[in-house]
Amino acid sequence: MAAKRKKKTLVAGRTYYKQFNEEIRALAEQGVTDFTIKECNGQRYIATALEGDLTFDIYGVPGQDLGAFMRGPKIRIHNNAQDGVGNTMDNGRVIIEGLAGDVIGYAMRGGEIFIKGDVGYRVGIHMKAYLDHQPKIVIGGKAGDFLGEYMAGGIILLLGMFSGKPDAPIAGRSLGTGMHGGVIYVRGSVPEDQLGPGLTATPVDSDDLKVIEALVKDYAKELKLDSKEIMSENFVKIRPFSHRPYGNLYVPC
Amino acid sequence: MKAPERYYDFEKDISGCGIFGVINRKRGLIPGEMPIQAMTCMHDRGNGLGGGFAAYGIYPEQADKYCFHMMCDDDAAIKGSEEMIKKYFDLHFYEPIPTRRVLAIPNPPKFNRYFVTVPEKPENEFRELPEEDYIVAVVMKINTTVPGAFVVSSGKNMGAFKGVGFPEDIADFFRLEEYKAYIWTGHNRFPTNTPGWWGGAHPFTILNWSIVHNGEISSYGINRRYLCEHDYLCTMMTDTEVVAYELDMLIRKHGLSWEMAAKVFAPPFWDEIERMDGDDKDLYTALRVTYGPGMLNGPFAILVADNTRLMGLNDRIKLRPLLVAEKDDMIFMSSEESAVRDVCPDLDRVWMPKAGEPVIVDLED
């Protein structure tokens, strides 16, 4: 039997983030499961470290570190998001219908972040996976430099389709620099110069395609996009060239 | 408080900080409430140890005169700086900068403003300098020789208002809601290893230039020595000061375009230069070779303004956030989108500029 849902609408306005988050946490304690947040205006740390089957529908622009350390909640942002979304998040899903700022999904270890538009710099850096905990980030637009830098696990899928930057390359410089686990998939192709040292982009195989297809299906459904169109192009993948690419940097073995 | 005598007593500044700027391309006047509210939205980017604003178009009746905003620790500093101003300038009008008592701002220094012009035939050691160099020389002289006196700004039809406190408290103190300007910039400071003192708050200015900065100029030492060789003396104990003087040197004195000055601050990487075609390759090689000591190393998002322009620029690997937004004749630049939405909910366009690529917005006239 599904647990009983309890809804609540909050207006953030200019409420100080501390007070606002205290209210959310108190309501969650009291059994509220589905939050609608109106007029969000830069309040930081929304849904940070919350656990379980909660949902957040957010209108307006939430502040830094949305959903940091969270384990389970599903957040939908109907506008743009700022920096640090899903910082070290453990599980759950964040859907961003606009664009997002820098360091999205930093050190993320589970769950999904789906962004419709462009993202800033250092997205998905230090992502890591453990057993079936596989963090996933799908970016509908283009990415800035250092996407997936030092990545240790999980999946980043970069589509480059819904971008406000027609002239920019699909990914910035130093893509995947220092990665030693996980995989970055890119729709179409990525200029060789944008890749981090020692990395190459190779065509995907049928196993990769299965993973991509499943992820795209989920992504397209959440953002009301045409998954067939997304899948209508080839993909390339970027994988680490060794398990410890810089293992010999300071202490040669 | 005075800057240390020895260069090695200078320390660098690492900061979180929040920045906001707005320009109306048609010179439409923007009330002070807008930048104040935007900075209030980003309250937590600072820690109460520095807040400030620059405003352009605030002295239309005195627009042909240089306006010196003076900050003085005590009456002796006021006397000393006034003597200096009278000695070097024709003084047309002066008054205290209106302030109000604010609970959050204990023991503020004293602020006066002086509207001056350069005498036709000055009889002093700076007499051979062109007008703007003359102004710069006097600013340096006051800052380095009058104890407790600092020039906060020295441009035409513009002024800087800054101090120790959160920006909204500083705005309250200076009654900024009573001003209207066609360009505003604002700053919320989070100093970590230089003193949070009144002169160290942003913006930093010289002539019409003003700059607010989020980040850290790790190259402060080399930039400062480079500027010293060109007669710009850093006295404010905050790294950002070098940017104001470099702008003046590169753009006004050396004739570089704003775009080129931005490329001195945040040059392309050598591997990128390597891939450029002939002309660009030569240009950027020459720029890096010539202006190596002017390069700003370290994380930064800066907003630079003069009477006709607003420019936003990131360091070349974008270690600090910067967002640009448009609404009709207004362009906003901000650390956070929420601050812009707070004062202008409906925007035509929002984007985050590429690292090292300046966004330059001109007045239409």
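Scroll up for the structure.
Not measured: the values here are computed from a predicted model. (Residues numbered from 1 in each chain as written. Chains lettered and ligands numbered in written order. Predicted model: local features only at pLDDT ≥ 70, side-chain atom pairs only at ≥ 80, totals over all residues. Heavy atoms only, no water.)

Draft legend 1. Highlighting the overall build of chain B. Secondary structure summary: chain B contains 10 helices and 18 strands in total. A compact globule built from 365 residues should have a C-alpha radius of gyration of about 21 Å, and chain B, at 19 Å, falls within 12% of that. Relative to its full complement of 365 residues, chain B shows a buried share of 64%. Summed over all atoms, the accessible surface of chain B reaches about 13,700 Å², with 50% contributed by carbon and sulfur. Of the charged side chains in chain B, 39 are positive and 56 negative; the average position of the first set lies 2 Å away from that of the second. (Helix = DSSP H or I, 4+ residues; strand = E, 2+ residues; numbered from the N terminus. Rg over C-alpha atoms; globule rule 2.2 N^0.38 Å. Buried < 20%, exposed > 50% of the residue type's maximum accessible area, 1.4 Å probe, protein only. Areas by Shrake-Rupley, 256 points an atom, 1.4 Å probe, with all protein chains shown as cover. Lys, Arg positive; Asp, Glu negative; His and termini not counted. Charge placed at Lys NZ, Arg CZ, Asp CG, Glu CD.)

Draft legend 2. Molecular detail of the pattern of salt bridges. Following the criterion strictly, the structure yields 41 salt bridges over all chains and no others. Residues Lys 253 of chain B and Asp 133 of chain B are paired through a salt bridge, measuring 3.2 Å at the closest nitrogen-oxygen approach. Linking Lys 253 of chain B in helix α6 (residues 241-253) with Asp 133 of chain B in helix α3 (residues 131-145), this pair joins segments that are 120 residues apart in sequence. Assessed through its relative accessible area of 44%, Lys 253 of chain B is described here as partly exposed. A salt bridge links Glu 274 of chain B to Lys 281 of chain B; the shortest N-O distance between them is 3.6 Å. Glu 274 of chain B gets classed as exposed once you look at its relative accessible area, which sits at 54%. Its relative accessible area of 28% is what places Lys 281 of chain B among the partly exposed residues. One network of salt bridges, with partners in common, ties together Lys 74, Arg 76, Arg 93, Glu 97, Glu 112, Asp 218 and Glu 222 of chain A. (Salt bridge = Lys/Arg side-chain N within 4 Å of Asp/Glu carboxyl O.)

Draft legend 3. The arrangement of helix α9 (residues 278-290) of chain B in detail. Residue and element names in this part refer to chain B. In this model α9 runs 18 Å from its N-terminal to its C-terminal C-alpha over 13 residues, within 8% of the 18 Å that 1.5 Å per residue would give. Within the sequence span of α9, burial applies to Tyr 284, Leu 287 and Arg 288. Buried residues in α9, looked at end-on, bunch into an arc of 95°, giving them a common side. Looking at α9, the residues exposed on the side facing more than 90 degrees away from the buried face are Asp 279, Asp 282 and Val 289. Its buried side turned inward, α9 meets α7 (258-265) and α8 (270-275). (Expected span 1.5 Å × (residues − 1). Arc of directions from axis to C-beta. Contact = heavy atoms within 4.5 Å.)

Draft legend 4. Representation of the interface of chain B and chain A within the structure. Contact residues are listed per partner, giving 23 residues for chain B and 22 residues for chain A. At the boundary of chain B with chain A, total buried surface from both sides reaches about 2,000 Å², with 42% on carbon and sulfur atoms. Summed over the shared surface of chain B and chain A, the result is 5 salt bridges. The shortest N-O distance in the salt bridge between Arg 173 of chain A and Asp 271 of chain B comes to 3.2 Å. (Buried area = accessible area lost by both parts, 1.4 Å probe.)

Draft legend 5. Region of interest: the sheet that holds strand β4 (residues 71-77) of chain A. Residues and elements named next belong to chain A. One open sheet holds the 11 strands; their spatial order is β1-β2-β3-β4-β5-β6-β7-β8-β9-β11-β10, and the pairing between them is mixed. One side of each edge strand has no neighbouring strand; the edge strands of this open sheet are β1 (7-11) and β10 (201-203). Mean inter-strand twist for the sheet, computed between neighbouring axes without regard to direction, equals 15°. Along the sheet, helix α2 (residues 206-223) contacts β4, β5 (91-96), β6 (112-115), β7 (136-139), β8 (152-158), β9 (181-187) and β11 (235-238); its crossing angle with β6, the most-contacted strand, is approximately 65°. (Pairing = 2+ DSSP bridges. Axes fitted to C-alpha atoms, helices over the stretch in contact; angles between N-to-C directions.)

Draft legend 6. Here's a closer look at the environment of Arg 25 of chain A. All names here are of chain A. Tracing the backbone shows Arg 25 in helix α1 (residues 17-29). Taking C-alpha positions, Arg 25 is 8.0 Å from Leu 50, a pair spaced 25 residues apart along the chain. With near-sequence residues (within four places) excluded, Arg 25 lies in contact with Thr 48, Ala 49 and Leu 50.

Draft legend 7. A look at α2 of chain A. Residue and element names in this part refer to chain A. Look at α2: 25 Å from first C-alpha to last across 18 residues, which is about the 26 Å you get at 1.5 Å a residue. Where α2 is concerned, the buried positions are Asp 208, Ile 212, Leu 215, Val 216, Tyr 219, Ala 220, Glu 222 and Leu 223. Down the axis of α2, the sector holding all buried residues measures 150°, keeping them to one side. α2 presents Ser 206, Asp 207, Lys 210, Lys 217 and Lys 221 as exposed residues on the side facing more than 90 degrees away from its buried surface. One side-chain oxygen at the N-terminal end of α2 lies 3.1 Å from the backbone nitrogen of Asp 207; it belongs to Asp 205. Backbone geometry just after α2 places Lys 224 at a positive phi near 55°. (Polar contact = N/O pair within 3.5 Å; in protein donor to acceptor, adjacent residues only side chain to side chain.)

Draft legend 8. Representation of empty space enclosed by the protein within the structure. Under the defined criterion, the tally for this structure stands at 2 cavities of 30 Å³ or more. Of the volumes computed, that of the largest cavity is approximately 100 Å³. Taken together, 14 residues form the lining of the largest cavity, with Gln 82 and Asp 83 of chain A together with Leu 323, Ser 335 and Met 352 of chain B sitting closest to its centre. Computed from the structure, the second largest cavity encloses a volume of approximately 50 Å³. As for the second largest cavity, its lining consists of Val 151, Val 152, Lys 162, Pro 203, Phe 204, Thr 205, Met 236, Glu 241 and Tyr 245 of chain B. (1 Å grid on protein atoms, 1.4 Å probe; cavity = no way out; pocket = protein on both sides within 12 Å on 5 of 7 lines; lining within 4 Å. Points joined across faces, edges and corners; volume = space filled by probe spheres on them.)

Coordinates in, geometry out; function isn't part of it.
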